[in-house]
Amino acid sequence: MKKILVVGLALALSAGLTNQLYAQSESSALSLAQQHDARGSARYQALSGAMGAIGADFSSIHQNPAGLSYFRSGSKLSLSLAHSTYGATNVWNGTSTSLSDKNRLHIDEISYVSNFTTGSGMNVVYGIGVQNNGRMQRRTDAFTQFGAGANRSSLADYSAATLNNMKPMPILGPPIHSYRAVDQSLWIGALGYEAKWHQYDASRKRYVSAYQNSPLEDASLILNEVGATSNFDFALAAEFSPSFSLGGSVSFTTLNYEYTSLYQEKHSGVDAKAGQYGLSLDSKQSISGLGVRFALGALVRPVEALRLGASIYSPVFYSNMNIDSYARGVGVSEVLQNISYEKKRSSETDIPLDNRTIFGFSTPWRFTLSGAYVFGRRAILSADYEYQNYAGTRLRNAVEDDYDYGSSGNIYSSDNNAIKEDFGGTHTWRLGLEYNLSRRLALRLGYKTVSAPDYTPELKLNTPTGGVLISGTAVHYRLPGALNNYSVGLGYKLSPKWTLDLAYSYSEQAMRVGAFPFIRDTRDVSANSAGRAYEPLPMIKETQKQSNVTATLSYRF
(Lines give C-alpha, C1' and ligand atoms only; values in the text may rest on other atoms or scores of the structure.)
Protein backbone atom coordinates (compact mmCIF):
# COMPACT_ATOMS: atom_id res chain seq x y z
CA MET A 1 0.00 0.00 0.00
CA LYS A 2 1.50 3.28 -1.13
CA LYS A 3 2.48 5.68 1.63
CA ILE A 4 2.57 9.45 1.44
CA LEU A 5 5.73 10.90 2.95
CA VAL A 6 4.87 14.04 4.89
CA VAL A 7 8.11 14.64 6.75
CA GLY A 8 8.06 18.23 7.91
CA LEU A 9 4.85 19.00 6.02
CA ALA A 10 2.55 17.95 8.83
CA LEU A 11 4.27 20.27 11.29
CA ALA A 12 4.18 23.14 8.84
CA LEU A 13 0.50 22.72 8.07
CA SER A 14 -0.46 22.35 11.71
CA ALA A 15 1.34 25.61 12.45
CA GLY A 16 0.02 27.31 9.33
CA LEU A 17 3.61 28.11 8.30
CA THR A 18 4.54 26.18 5.17
CA ASN A 19 7.24 28.75 4.57
CA GLN A 20 9.30 27.49 7.48
CA LEU A 21 10.25 24.49 5.37
CA TYR A 22 13.47 25.32 3.60
CA ALA A 23 14.72 23.35 0.66
CA GLN A 24 17.18 25.34 -1.37
CA SER A 25 20.85 24.54 -1.82
CA GLU A 26 23.99 25.53 -3.68
CA SER A 27 23.16 23.15 -6.56
CA SER A 28 19.80 24.72 -7.36
CA ALA A 29 21.22 28.20 -6.68
CA LEU A 30 23.83 27.62 -9.39
CA SER A 31 21.17 26.52 -11.88
CA LEU A 32 19.09 29.63 -11.21
CA ALA A 33 22.05 32.01 -11.19
CA GLN A 34 23.60 30.92 -14.49
CA GLN A 35 23.76 33.87 -16.84
CA HIS A 36 21.34 33.21 -19.65
CA ASP A 37 22.01 35.69 -22.40
CA ALA A 38 19.31 38.19 -23.08
CA ARG A 39 18.13 37.44 -26.59
CA GLY A 40 16.93 40.85 -27.75
CA SER A 41 16.91 42.09 -31.35
CA ALA A 42 18.30 40.33 -34.41
CA ARG A 43 21.07 42.94 -34.66
CA TYR A 44 22.08 42.27 -31.06
CA GLN A 45 22.17 38.51 -31.65
CA ALA A 46 24.00 38.75 -34.99
CA LEU A 47 26.81 40.59 -33.17
CA SER A 48 26.75 38.00 -30.31
CA GLY A 49 25.75 40.80 -27.95
CA ALA A 50 28.91 42.88 -28.53
CA MET A 51 26.94 46.13 -28.46
CA GLY A 52 28.05 47.79 -25.23
CA ALA A 53 29.84 50.58 -27.15
CA ILE A 54 27.69 50.49 -30.29
CA GLY A 55 24.36 51.34 -28.66
CA ALA A 56 21.44 52.95 -30.51
CA ASP A 57 19.46 49.72 -30.05
CA PHE A 58 17.24 48.95 -27.06
CA SER A 59 18.85 45.51 -26.64
CA SER A 60 22.22 47.18 -26.03
CA ILE A 61 21.11 48.07 -22.49
CA HIS A 62 22.04 44.48 -21.56
CA GLN A 63 25.71 45.43 -22.02
CA ASN A 64 25.68 49.17 -21.27
CA PRO A 65 22.55 51.32 -20.81
CA ALA A 66 24.52 54.45 -21.77
CA GLY A 67 24.60 53.22 -25.38
CA LEU A 68 20.95 54.11 -25.73
CA SER A 69 22.03 57.79 -25.94
CA TYR A 70 23.33 57.16 -29.49
CA PHE A 71 19.72 56.88 -30.70
CA ARG A 72 19.05 60.32 -32.20
CA SER A 73 16.08 60.23 -34.56
CA GLY A 74 12.52 60.42 -33.28
CA SER A 75 10.93 57.18 -32.08
CA LYS A 76 11.22 53.49 -32.92
CA LEU A 77 8.94 50.54 -32.26
CA SER A 78 10.40 47.02 -32.69
CA LEU A 79 9.20 43.43 -32.58
CA SER A 80 11.57 40.43 -32.53
CA LEU A 81 10.42 36.88 -33.22
CA ALA A 82 12.65 33.82 -32.90
CA HIS A 83 12.71 30.10 -33.57
CA SER A 84 15.00 27.98 -31.38
CA THR A 85 16.19 24.40 -31.73
CA TYR A 86 17.68 22.45 -28.81
CA GLY A 87 19.66 19.21 -28.64
CA ALA A 88 22.27 17.45 -26.53
CA THR A 89 24.80 14.61 -26.50
CA ASN A 90 25.70 12.70 -23.33
CA VAL A 91 28.65 10.45 -22.52
CA TRP A 92 28.50 8.46 -19.27
CA ASN A 93 31.37 6.18 -18.37
CA GLY A 94 32.06 5.57 -22.06
CA THR A 95 28.43 5.10 -23.16
CA SER A 96 27.18 7.80 -25.55
CA THR A 97 23.58 8.89 -26.17
CA SER A 98 22.01 11.70 -28.20
CA LEU A 99 18.78 13.61 -27.78
CA SER A 100 16.56 14.60 -30.66
CA ASP A 101 16.08 18.31 -31.23
CA LYS A 102 13.14 20.23 -29.85
CA ASN A 103 11.80 23.39 -31.45
CA ARG A 104 10.38 26.52 -29.89
CA LEU A 105 8.79 29.63 -31.43
CA HIS A 106 8.69 32.69 -29.19
CA ILE A 107 8.82 36.48 -28.93
CA ASP A 108 12.26 37.74 -27.97
CA GLU A 109 11.57 41.44 -27.59
CA ILE A 110 8.99 44.20 -27.92
CA SER A 111 10.48 47.64 -27.40
CA TYR A 112 9.83 51.34 -27.79
CA VAL A 113 12.56 54.00 -27.88
CA SER A 114 12.22 57.78 -28.22
CA ASN A 115 14.38 60.85 -27.74
CA PHE A 116 14.16 64.57 -27.16
CA THR A 117 16.66 67.44 -27.05
CA THR A 118 16.91 69.78 -24.09
CA GLY A 119 17.32 73.54 -24.39
CA SER A 120 21.06 73.14 -23.89
CA GLY A 121 21.26 70.70 -26.80
CA MET A 122 21.65 67.54 -24.69
CA ASN A 123 20.20 64.39 -26.32
CA VAL A 124 18.01 62.42 -23.89
CA VAL A 125 16.69 58.97 -24.82
CA TYR A 126 14.22 56.80 -22.95
CA GLY A 127 13.03 53.30 -23.70
CA ILE A 128 10.71 50.59 -22.45
CA GLY A 129 10.67 46.97 -23.44
CA VAL A 130 9.63 43.42 -22.67
CA GLN A 131 12.44 40.96 -23.35
CA ASN A 132 13.17 37.29 -23.25
CA ASN A 133 16.11 37.35 -20.86
CA GLY A 134 17.16 33.78 -21.57
CA ARG A 135 15.61 30.36 -21.80
CA MET A 136 16.71 27.32 -19.85
CA GLN A 137 16.44 24.18 -21.95
CA ARG A 138 18.94 21.68 -20.56
CA ARG A 139 18.32 17.97 -21.09
CA THR A 140 20.12 14.80 -20.11
CA ASP A 141 19.32 11.21 -21.13
CA ALA A 142 22.22 8.97 -20.10
CA PHE A 143 22.88 5.28 -19.41
CA THR A 144 25.91 3.36 -18.20
CA GLN A 145 26.91 -0.20 -17.29
CA PHE A 146 29.53 -1.35 -14.82
CA GLY A 147 31.74 -4.39 -15.15
CA ALA A 148 31.67 -7.38 -12.84
CA GLY A 149 33.28 -6.67 -9.50
CA ALA A 150 32.99 -2.90 -9.87
CA ASN A 151 32.68 -1.30 -6.46
CA ARG A 152 30.29 1.58 -7.06
CA SER A 153 28.32 3.56 -4.54
CA SER A 154 24.56 3.61 -4.81
CA LEU A 155 22.01 6.33 -4.23
CA ALA A 156 20.96 4.11 -1.32
CA ASP A 157 24.37 4.72 0.29
CA TYR A 158 23.96 8.47 -0.13
CA SER A 159 20.42 8.38 1.25
CA ALA A 160 21.44 6.37 4.34
CA ALA A 161 24.48 8.58 4.99
CA THR A 162 22.35 11.74 5.05
CA LEU A 163 20.46 10.29 8.03
CA ASN A 164 23.60 9.01 9.73
CA ASN A 165 25.20 12.46 9.50
CA MET A 166 22.32 14.31 11.14
CA LYS A 167 22.81 15.44 14.73
CA PRO A 168 20.95 13.99 16.46
CA MET A 169 20.48 11.09 14.10
CA PRO A 170 16.73 10.48 13.66
CA ILE A 171 15.34 7.04 14.43
CA LEU A 172 12.68 6.63 11.76
CA GLY A 173 10.76 3.69 13.11
CA PRO A 174 7.32 3.20 11.58
CA PRO A 175 5.25 5.15 11.09
CA ILE A 176 7.69 7.70 9.66
CA HIS A 177 4.82 10.17 9.30
CA SER A 178 5.05 10.92 13.01
CA TYR A 179 8.55 12.36 12.61
CA ARG A 180 8.69 16.16 12.70
CA ALA A 181 11.38 18.28 10.99
CA VAL A 182 11.66 21.63 9.30
CA ASP A 183 14.87 20.79 7.44
CA GLN A 184 14.21 19.21 4.05
CA SER A 185 17.75 17.83 4.02
CA LEU A 186 16.05 14.92 5.81
CA TRP A 187 13.78 14.18 2.89
CA ILE A 188 16.05 12.10 0.66
CA GLY A 189 16.98 9.96 3.69
CA ALA A 190 13.38 9.56 4.80
CA LEU A 191 12.23 8.78 1.27
CA GLY A 192 14.93 6.11 0.93
CA TYR A 193 13.93 4.59 4.27
CA GLU A 194 10.27 4.21 3.31
CA ALA A 195 11.18 2.93 -0.16
CA LYS A 196 13.36 0.24 1.50
CA TRP A 197 16.62 1.49 -0.04
CA HIS A 198 18.14 1.18 3.41
CA GLN A 199 17.20 0.08 6.92
CA TYR A 200 18.18 0.89 10.49
CA ASP A 201 20.73 -1.53 11.96
CA ALA A 202 20.21 -1.44 15.73
CA SER A 203 23.42 -3.37 16.42
CA ARG A 204 25.56 -0.82 14.58
CA LYS A 205 23.27 2.09 15.48
CA ARG A 206 23.16 3.49 11.98
CA TYR A 207 21.35 3.14 8.68
CA VAL A 208 22.80 0.69 6.16
CA SER A 209 22.08 0.15 2.47
CA ALA A 210 19.78 -2.70 1.47
CA TYR A 211 22.05 -3.36 -1.52
CA GLN A 212 25.27 -4.19 0.37
CA ASN A 213 25.29 -7.69 -1.15
CA SER A 214 23.92 -6.61 -4.54
CA PRO A 215 26.54 -4.76 -6.64
CA LEU A 216 25.39 -1.98 -8.95
CA GLU A 217 25.15 -3.25 -12.54
CA ASP A 218 23.83 -0.24 -14.46
CA ALA A 219 22.26 3.17 -13.99
CA SER A 220 20.22 5.59 -16.07
CA LEU A 221 19.26 9.23 -15.66
CA ILE A 222 16.77 11.42 -17.46
CA LEU A 223 17.04 15.02 -16.30
CA ASN A 224 15.26 18.04 -17.73
CA GLU A 225 15.58 21.66 -16.70
CA VAL A 226 13.10 23.95 -18.44
CA GLY A 227 12.41 27.58 -17.74
CA ALA A 228 12.62 31.18 -18.79
CA THR A 229 13.31 34.61 -17.40
CA SER A 230 11.57 37.66 -18.84
CA ASN A 231 12.49 41.30 -18.29
CA PHE A 232 10.31 44.38 -18.12
CA ASP A 233 12.96 47.06 -18.73
CA PHE A 234 12.93 50.82 -18.28
CA ALA A 235 16.00 52.73 -19.46
CA LEU A 236 17.12 56.37 -19.59
CA ALA A 237 20.33 57.70 -21.16
CA ALA A 238 21.73 61.13 -21.93
CA GLU A 239 24.57 62.43 -24.09
CA PHE A 240 25.93 65.25 -21.96
CA SER A 241 28.54 66.16 -24.56
CA PRO A 242 29.84 64.65 -27.82
CA SER A 243 32.41 62.75 -25.76
CA PHE A 244 30.44 61.60 -22.70
CA SER A 245 27.19 59.67 -22.15
CA LEU A 246 25.57 58.23 -19.04
CA GLY A 247 22.67 55.81 -18.72
CA GLY A 248 20.78 53.62 -16.29
CA SER A 249 18.05 51.02 -16.30
CA VAL A 250 15.77 49.15 -13.94
CA SER A 251 14.50 45.68 -14.78
CA PHE A 252 11.69 43.67 -13.25
CA THR A 253 12.36 40.00 -13.88
CA THR A 254 10.00 37.05 -13.78
CA LEU A 255 11.49 33.58 -13.42
CA ASN A 256 9.82 30.24 -14.04
CA TYR A 257 11.87 27.06 -13.67
CA GLU A 258 11.02 23.37 -13.63
CA TYR A 259 13.30 20.46 -12.73
CA THR A 260 12.14 16.90 -13.52
CA SER A 261 14.17 13.73 -13.27
CA LEU A 262 13.95 9.94 -13.37
CA TYR A 263 16.91 7.99 -11.98
CA GLN A 264 17.13 4.19 -11.91
CA GLU A 265 19.64 1.65 -10.66
CA LYS A 266 19.81 -2.06 -11.43
CA HIS A 267 21.56 -4.31 -8.92
CA SER A 268 22.56 -7.96 -9.16
CA GLY A 269 20.05 -10.39 -7.67
CA VAL A 270 16.45 -11.29 -8.51
CA ASP A 271 13.33 -11.66 -6.38
CA ALA A 272 11.08 -14.20 -8.08
CA LYS A 273 7.93 -12.18 -7.41
CA ALA A 274 9.14 -8.60 -7.07
CA GLY A 275 11.54 -8.78 -10.00
CA GLN A 276 15.05 -7.41 -10.53
CA TYR A 277 16.72 -5.79 -7.55
CA GLY A 278 17.02 -2.03 -7.95
CA LEU A 279 15.70 1.37 -7.06
CA SER A 280 14.26 4.42 -8.77
CA LEU A 281 13.76 8.09 -7.90
CA ASP A 282 11.24 10.26 -9.70
CA SER A 283 11.58 13.92 -8.69
CA LYS A 284 10.14 17.29 -9.65
CA GLN A 285 10.57 20.90 -8.54
CA SER A 286 8.79 23.99 -9.80
CA ILE A 287 10.20 27.42 -8.91
CA SER A 288 8.80 30.86 -9.70
CA GLY A 289 9.52 34.38 -8.55
CA LEU A 290 9.71 38.09 -9.31
CA GLY A 291 12.91 40.11 -8.93
CA VAL A 292 14.40 43.51 -9.62
CA ARG A 293 17.79 44.61 -10.98
CA PHE A 294 19.52 47.98 -11.52
CA ALA A 295 22.24 48.95 -13.98
CA LEU A 296 24.45 51.98 -14.56
CA GLY A 297 26.82 52.62 -17.45
CA ALA A 298 29.01 55.29 -19.04
CA LEU A 299 30.55 55.81 -22.49
CA VAL A 300 33.35 58.14 -23.59
CA ARG A 301 34.74 59.06 -27.01
CA PRO A 302 38.36 60.20 -26.65
CA VAL A 303 38.44 60.59 -30.44
CA GLU A 304 35.60 60.66 -32.95
CA ALA A 305 36.03 57.07 -34.14
CA LEU A 306 36.72 55.39 -30.79
CA ARG A 307 34.13 54.57 -28.13
CA LEU A 308 34.95 53.14 -24.69
CA GLY A 309 32.50 52.16 -21.98
CA ALA A 310 31.98 50.48 -18.62
CA SER A 311 28.87 49.32 -16.80
CA ILE A 312 27.79 47.57 -13.63
CA TYR A 313 24.73 45.39 -13.10
CA SER A 314 23.37 44.69 -9.65
CA PRO A 315 22.17 41.22 -8.68
CA VAL A 316 18.62 40.31 -9.51
CA PHE A 317 17.01 40.46 -6.07
CA TYR A 318 14.20 37.93 -5.62
CA SER A 319 12.47 38.56 -2.29
CA ASN A 320 10.03 35.64 -2.36
CA MET A 321 10.62 32.64 -4.58
CA ASN A 322 8.00 29.89 -4.55
CA ILE A 323 9.03 26.26 -4.83
CA ASP A 324 6.80 23.19 -5.09
CA SER A 325 8.36 19.74 -4.84
CA TYR A 326 7.39 16.16 -5.54
CA ALA A 327 9.32 12.91 -5.30
CA ARG A 328 8.57 9.19 -5.58
CA GLY A 329 10.92 6.42 -4.55
CA VAL A 330 10.71 2.69 -5.33
CA GLY A 331 13.01 -0.02 -4.07
CA VAL A 332 13.30 -3.79 -4.49
CA SER A 333 16.07 -5.63 -2.59
CA GLU A 334 16.80 -8.76 -0.61
CA VAL A 335 15.40 -6.96 2.43
CA LEU A 336 11.96 -7.77 1.02
CA GLN A 337 12.54 -11.52 0.59
CA ASN A 338 10.83 -12.45 3.84
CA ILE A 339 7.93 -10.08 3.31
CA SER A 340 4.71 -11.34 1.72
CA TYR A 341 4.20 -10.26 -1.88
CA GLU A 342 1.12 -8.23 -0.99
CA LYS A 343 3.23 -6.05 1.29
CA LYS A 344 6.12 -5.59 -1.11
CA ARG A 345 4.38 -2.58 -2.58
CA SER A 346 5.07 -0.76 0.66
CA SER A 347 8.52 -0.16 -0.84
CA GLU A 348 6.99 2.63 -2.91
CA THR A 349 6.49 6.05 -1.36
CA ASP A 350 6.19 9.65 -2.42
CA ILE A 351 6.30 13.25 -1.28
CA PRO A 352 3.24 15.25 -2.38
CA LEU A 353 3.59 18.15 -4.79
CA ASP A 354 1.74 20.74 -2.72
CA ASN A 355 4.43 21.26 -0.04
CA ARG A 356 5.21 24.85 -0.99
CA THR A 357 8.29 26.62 0.31
CA ILE A 358 9.36 30.24 -0.11
CA PHE A 359 12.88 31.67 0.01
CA GLY A 360 14.90 34.73 -1.00
CA PHE A 361 17.56 34.63 -3.68
CA SER A 362 19.97 36.94 -5.51
CA THR A 363 22.23 36.42 -8.52
CA PRO A 364 25.85 37.68 -8.65
CA TRP A 365 26.98 41.19 -9.62
CA ARG A 366 28.05 41.65 -13.24
CA PHE A 367 30.72 44.03 -14.61
CA THR A 368 31.39 44.89 -18.27
CA LEU A 369 33.95 46.81 -20.32
CA SER A 370 33.20 47.75 -23.92
CA GLY A 371 34.99 49.23 -26.89
CA ALA A 372 34.16 49.98 -30.52
CA TYR A 373 35.91 51.58 -33.48
CA VAL A 374 33.89 53.22 -36.23
CA PHE A 375 35.34 53.17 -39.76
CA GLY A 376 33.37 56.13 -41.08
CA ARG A 377 30.05 55.03 -42.56
CA ARG A 378 31.50 51.75 -43.82
CA ALA A 379 31.98 49.49 -40.77
CA ILE A 380 32.17 49.17 -36.99
CA LEU A 381 34.21 46.70 -34.95
CA SER A 382 33.24 46.07 -31.32
CA ALA A 383 34.41 44.03 -28.35
CA ASP A 384 32.94 43.47 -24.87
CA TYR A 385 34.39 41.84 -21.77
CA GLU A 386 32.23 40.69 -18.89
CA TYR A 387 33.00 39.27 -15.44
CA GLN A 388 30.61 37.51 -13.11
CA ASN A 389 31.47 35.60 -9.94
CA TYR A 390 29.06 32.83 -8.94
CA ALA A 391 30.53 32.91 -5.44
CA GLY A 392 28.35 36.00 -4.99
CA THR A 393 25.12 34.04 -5.38
CA ARG A 394 23.09 34.24 -2.19
CA LEU A 395 20.15 32.41 -0.63
CA ARG A 396 18.15 34.19 2.07
CA ASN A 397 15.13 33.80 4.28
CA ALA A 398 12.05 34.98 2.43
CA VAL A 399 10.80 38.47 3.21
CA GLU A 400 7.39 37.06 4.11
CA ASP A 401 8.93 34.39 6.34
CA ASP A 402 8.09 35.48 9.89
CA TYR A 403 9.08 32.18 11.47
CA ASP A 404 11.42 32.59 14.45
CA TYR A 405 14.63 30.69 13.70
CA GLY A 406 16.21 31.89 16.92
CA SER A 407 19.97 32.31 16.86
CA SER A 408 20.29 30.55 13.48
CA GLY A 409 19.64 33.82 11.62
CA ASN A 410 19.84 33.11 7.91
CA ILE A 411 18.99 29.42 7.60
CA TYR A 412 20.95 29.30 4.35
CA SER A 413 24.27 30.33 5.86
CA SER A 414 25.78 26.87 5.30
CA ASP A 415 24.65 26.91 1.67
CA ASN A 416 26.09 30.39 1.13
CA ASN A 417 29.39 29.33 2.66
CA ALA A 418 29.47 26.31 0.36
CA ILE A 419 28.71 28.53 -2.65
CA LYS A 420 31.66 30.80 -1.78
CA GLU A 421 33.98 27.81 -1.39
CA ASP A 422 32.89 25.75 -4.41
CA PHE A 423 32.13 28.27 -7.17
CA GLY A 424 34.17 31.05 -8.74
CA GLY A 425 34.13 33.59 -11.53
CA THR A 426 33.47 33.39 -15.27
CA HIS A 427 34.91 35.52 -18.07
CA THR A 428 32.93 36.38 -21.18
CA TRP A 429 34.36 37.85 -24.39
CA ARG A 430 32.20 39.13 -27.26
CA LEU A 431 33.32 40.28 -30.70
CA GLY A 432 31.16 41.85 -33.38
CA LEU A 433 31.67 43.26 -36.87
CA GLU A 434 29.11 45.18 -38.90
CA TYR A 435 29.88 46.09 -42.52
CA ASN A 436 27.65 48.31 -44.63
CA LEU A 437 27.51 47.15 -48.24
CA SER A 438 25.29 50.11 -49.05
CA ARG A 439 23.09 52.64 -47.31
CA ARG A 440 20.35 50.02 -47.14
CA LEU A 441 22.18 46.71 -46.53
CA ALA A 442 24.48 45.72 -43.66
CA LEU A 443 26.21 42.39 -42.96
CA ARG A 444 27.09 41.26 -39.42
CA LEU A 445 29.27 38.65 -37.74
CA GLY A 446 29.69 37.79 -34.06
CA TYR A 447 31.47 35.46 -31.68
CA LYS A 448 31.16 34.91 -27.94
CA THR A 449 33.05 32.67 -25.53
CA VAL A 450 32.29 32.08 -21.85
CA SER A 451 34.75 30.34 -19.54
CA ALA A 452 33.69 27.65 -17.09
CA PRO A 453 33.28 28.84 -13.49
CA ASP A 454 36.39 28.36 -11.38
CA TYR A 455 35.25 25.36 -9.35
CA THR A 456 36.98 24.05 -6.26
CA PRO A 457 39.51 21.31 -7.25
CA GLU A 458 37.39 18.51 -5.73
CA LEU A 459 34.55 19.30 -8.16
CA LYS A 460 36.79 19.37 -11.24
CA LEU A 461 37.44 15.62 -11.04
CA ASN A 462 35.58 13.10 -13.17
CA THR A 463 34.54 11.45 -9.91
CA PRO A 464 34.24 14.35 -7.43
CA THR A 465 35.78 13.99 -3.99
CA GLY A 466 33.85 16.93 -2.59
CA GLY A 467 30.15 17.17 -1.89
CA VAL A 468 27.56 19.51 -3.37
CA LEU A 469 24.62 20.55 -1.21
CA ILE A 470 21.43 19.43 -2.91
CA SER A 471 17.84 20.56 -2.54
CA GLY A 472 15.53 18.07 -0.85
CA THR A 473 15.13 15.07 -3.14
CA ALA A 474 16.65 16.86 -6.18
CA VAL A 475 19.93 14.97 -5.85
CA HIS A 476 21.09 15.37 -9.48
CA TYR A 477 23.03 18.50 -10.34
CA ARG A 478 24.75 20.24 -13.27
CA LEU A 479 28.11 21.99 -13.35
CA PRO A 480 28.24 24.32 -16.39
CA GLY A 481 31.40 24.45 -18.50
CA ALA A 482 32.69 26.63 -21.31
CA LEU A 483 30.33 28.03 -23.95
CA ASN A 484 31.02 29.13 -27.53
CA ASN A 485 28.57 31.03 -29.71
CA TYR A 486 28.83 31.90 -33.42
CA SER A 487 26.45 34.27 -35.19
CA VAL A 488 25.76 35.91 -38.52
CA GLY A 489 23.09 38.30 -39.75
CA LEU A 490 22.02 41.18 -41.95
CA GLY A 491 19.99 44.34 -41.79
CA TYR A 492 17.96 45.82 -44.63
CA LYS A 493 16.12 49.14 -44.82
CA LEU A 494 12.83 48.35 -46.50
CA SER A 495 11.95 52.04 -46.58
CA PRO A 496 12.87 55.21 -44.71
CA LYS A 497 10.56 54.04 -41.89
CA TRP A 498 10.74 50.24 -41.97
CA THR A 499 13.78 48.06 -41.25
CA LEU A 500 14.13 44.27 -41.24
CA ASP A 501 16.99 42.54 -39.38
CA LEU A 502 17.76 38.81 -39.51
CA ALA A 503 20.17 36.72 -37.43
CA TYR A 504 21.30 33.13 -37.04
CA SER A 505 23.29 31.95 -34.03
CA TYR A 506 24.63 28.59 -32.91
CA SER A 507 26.04 27.76 -29.48
CA GLU A 508 27.53 24.76 -27.71
CA GLN A 509 28.07 24.50 -23.96
CA ALA A 510 29.94 21.76 -22.16
CA MET A 511 28.41 20.56 -18.91
CA ARG A 512 28.95 17.84 -16.36
CA VAL A 513 26.07 16.14 -14.58
CA GLY A 514 26.23 14.31 -11.25
CA ALA A 515 23.79 11.50 -10.48
CA PHE A 516 24.23 12.23 -6.76
CA PRO A 517 26.91 14.02 -4.71
CA PHE A 518 29.94 12.75 -2.83
CA ILE A 519 29.23 12.12 0.84
CA ARG A 520 31.15 10.91 3.88
CA ASP A 521 29.24 8.75 6.40
CA THR A 522 30.50 10.03 9.74
CA ARG A 523 28.96 7.08 11.63
CA ASP A 524 30.79 4.47 9.59
CA VAL A 525 34.40 4.66 10.77
CA SER A 526 35.37 1.21 9.48
CA ALA A 527 37.72 2.70 6.88
CA ASN A 528 38.53 6.16 8.25
CA SER A 529 38.13 7.94 11.56
CA ALA A 530 36.44 10.77 9.67
CA GLY A 531 33.89 8.35 8.28
CA ARG A 532 33.50 6.23 5.19
CA ALA A 533 33.67 8.14 1.91
CA TYR A 534 31.04 7.23 -0.67
CA GLU A 535 32.30 8.40 -4.03
CA PRO A 536 29.53 9.18 -6.51
CA LEU A 537 29.20 7.64 -9.94
CA PRO A 538 31.42 9.19 -12.65
CA MET A 539 30.15 12.51 -13.97
CA ILE A 540 28.09 12.56 -17.15
CA LYS A 541 29.81 14.65 -19.81
CA GLU A 542 27.31 16.41 -22.00
CA THR A 543 27.18 19.05 -24.70
CA GLN A 544 24.12 21.26 -24.88
CA LYS A 545 23.44 22.62 -28.37
CA GLN A 546 21.18 25.46 -29.43
CA SER A 547 20.50 27.30 -32.66
CA ASN A 548 18.33 30.39 -33.13
CA VAL A 549 16.84 32.22 -36.07
CA THR A 550 15.63 35.71 -35.21
CA ALA A 551 13.78 38.37 -37.19
CA THR A 552 13.23 41.97 -36.03
CA LEU A 553 10.86 44.37 -37.70
CA SER A 554 11.26 48.03 -36.72
CA TYR A 555 9.18 51.11 -37.51
CA ARG A 556 10.54 54.67 -37.13
CA PHE A 557 8.27 57.66 -36.78
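Look above for the structure.
Read on for a plain summary of the structure.

Rules behind the numbers
- Residues numbered from 1 in each chain as written.
- Predicted model: local features only at pLDDT ≥ 70, side-chain atom pairs only at ≥ 80, totals over all residues.
- Heavy atoms only, no water.
- Helix = DSSP H or I, 4+ residues; strand = E, 2+ residues; numbered from the N terminus.
- Contact = heavy atoms within 4.5 Å.
- Areas by Shrake-Rupley, 256 points an atom, 1.4 Å probe, with all protein chains shown as cover.
- Core = buried A, V, L, I, M, F, W, Y, C linked by side-chain atoms within 4.5 Å.
- Buried < 20%, exposed > 50% of the residue type's maximum accessible area, 1.4 Å probe, protein only.
- Pairing = 2+ DSSP bridges.
- Axes fitted to C-alpha atoms, helices over the stretch in contact; angles between N-to-C directions.
- Parallel < 35°, antiparallel > 145°, perpendicular 65-115°, else oblique.
- Left-handed = near helix turned anticlockwise from the far one by under 90°.
- Nonpolar A, V, L, I, M, F, W, Y, C, P; charged D, E, K, R; others polar.
- Salt bridge = Lys/Arg side-chain N within 4 Å of Asp/Glu carboxyl O.
- Phe/Tyr/Trp six-rings, centres within 6.5 Å; stacked < 30°, edge-to-face > 60°.
- Lys NZ or Arg CZ within 6 Å of the ring centre and 35° of its normal.

Moving on: the overall build of the protein chain. Within the protein chain one finds seven helices and 23 strands. Restricting to contacts in the protein chain with at least 6 residues of sequence separation, those with at least 24 account for 76%. Just so you have it, the protein chain exposes about 22600 Å², and 57% of that area is on carbon and sulfur atoms.

Moving on: the nonpolar core. Ranked by internal contacts, the top residues of the largest apolar core, which has 58 residues, are W92, L155, W197, Y263, F359, F361 and L537. Leaving out residues up to four positions away in the same chain, L155 has contacts with W197, Y263, E265, L279, L281, V475 and F516. Counting residues in hydrophobic clusters, the runner-up holds 10 residues, among them A53, A66, L299 and A372.

Before going further, it helps to examine unusual backbone geometry. Note: most residues except glycine have negative phi, and most peptide bonds are trans. Here K167 and P168 are connected by a cis peptide whose omega angle stands at -5 degrees. The phi dihedral of K196 falls on the positive side, at around 65 degrees, and the residue is not glycine. By the secondary structure assignment, K196 is in the loop between α5 (187–194) and β5 (198–201). Judged by relative accessible area, K196 falls into the buried class, the value being 19%.

Turning to the pairing of strand β11 (residues 317–332), a few remarks are in order. Inspection of the sheet shows strand β9 (residues 275–303) paired to β11 by 13 bridges, in the antiparallel sense. Residue pairing in the sheet places V292 in a bridge with F317 of β11.

Two elements in contact, helix α4 (residues 155–164) and α5, have axes whose closest approach is 8 Å; the angle formed by their N-to-C orientations is 120 degrees. Classified by the angle their axes make, α4 and α5 are oblique. Note on packing geometry: the crossing formed by α4 with α5 is left-handed. Every residue of α5 that contacts α4 at Y158, S159, T162 and L163 is listed here: I188, G189, A190 and G192. Of the residues that constitute the contact of α4 with α5, the class distribution is four nonpolar, four polar and no charged.

Counting across every chain of the model gives 16 salt bridges. Between R301 and E239 there is a salt bridge, with its nearest N and O atoms 3.1 Å apart. Residue R301 is found in strand β9, and its partner E239 is found in strand β7 (residues 216–241); the two are separated by 62 residues along the sequence. Note on R301: relative accessible area 13%, which makes it buried. Assessed through its relative accessible area of 10%, E239 is described here as buried. Salt bridges sharing partners connect three or more residues here, namely R43, E434, R444 and D501.

Moving on, we get to the pairing of strand β13 (residues 357–362). Counting buried positions over the six residues of β13 gives six, a clear majority of the element. Here β13 shows two buried faces, one formed by T357, F359 and F361 and the other by I358, G360 and S362. Note: β11 against β13, five bridges, orientation antiparallel. Paired with M321 across the bridge in β13 is F359. Direction of pairing for β13 relative to strand β16 (residues 394–396): antiparallel, over a ladder of three bridges.

Most of helix α2 (residues 26–33) is tucked away, with eight of its eight residues classed as buried. Along α2, the positions that sit buried rather than exposed are E26, S27, S28, A29, L30, S31, L32 and A33.

Below, the discussion takes up the packing of aromatic side chains. Each pair of aromatic rings is reported with the distance of its centres and the angle of its planes. Under the criterion given, the structure shown has 15 aromatic pairs. Ring geometry for F234 versus F252: centroids 6.3 Å apart, planes at 80 degrees, classification edge-to-face. One end of the pair, F234, is in strand β7; the other, F252, is in strand β8 (residues 244–271), with 18 residues separating them in the sequence. By relative accessible area, F252 is classed as partly exposed at 37%. Taken together, the ring pairs connect Y112, W498, Y555 and F557 into an aromatic cluster. In this structure, R307 is placed above the aromatic ring of Y70, and the distance from its NZ or CZ to the ring centre is 4.4 Å. When the ring centre of Y313 is taken as origin, the NZ or CZ atom of R366, which lies over that ring, is 4.1 Å away.

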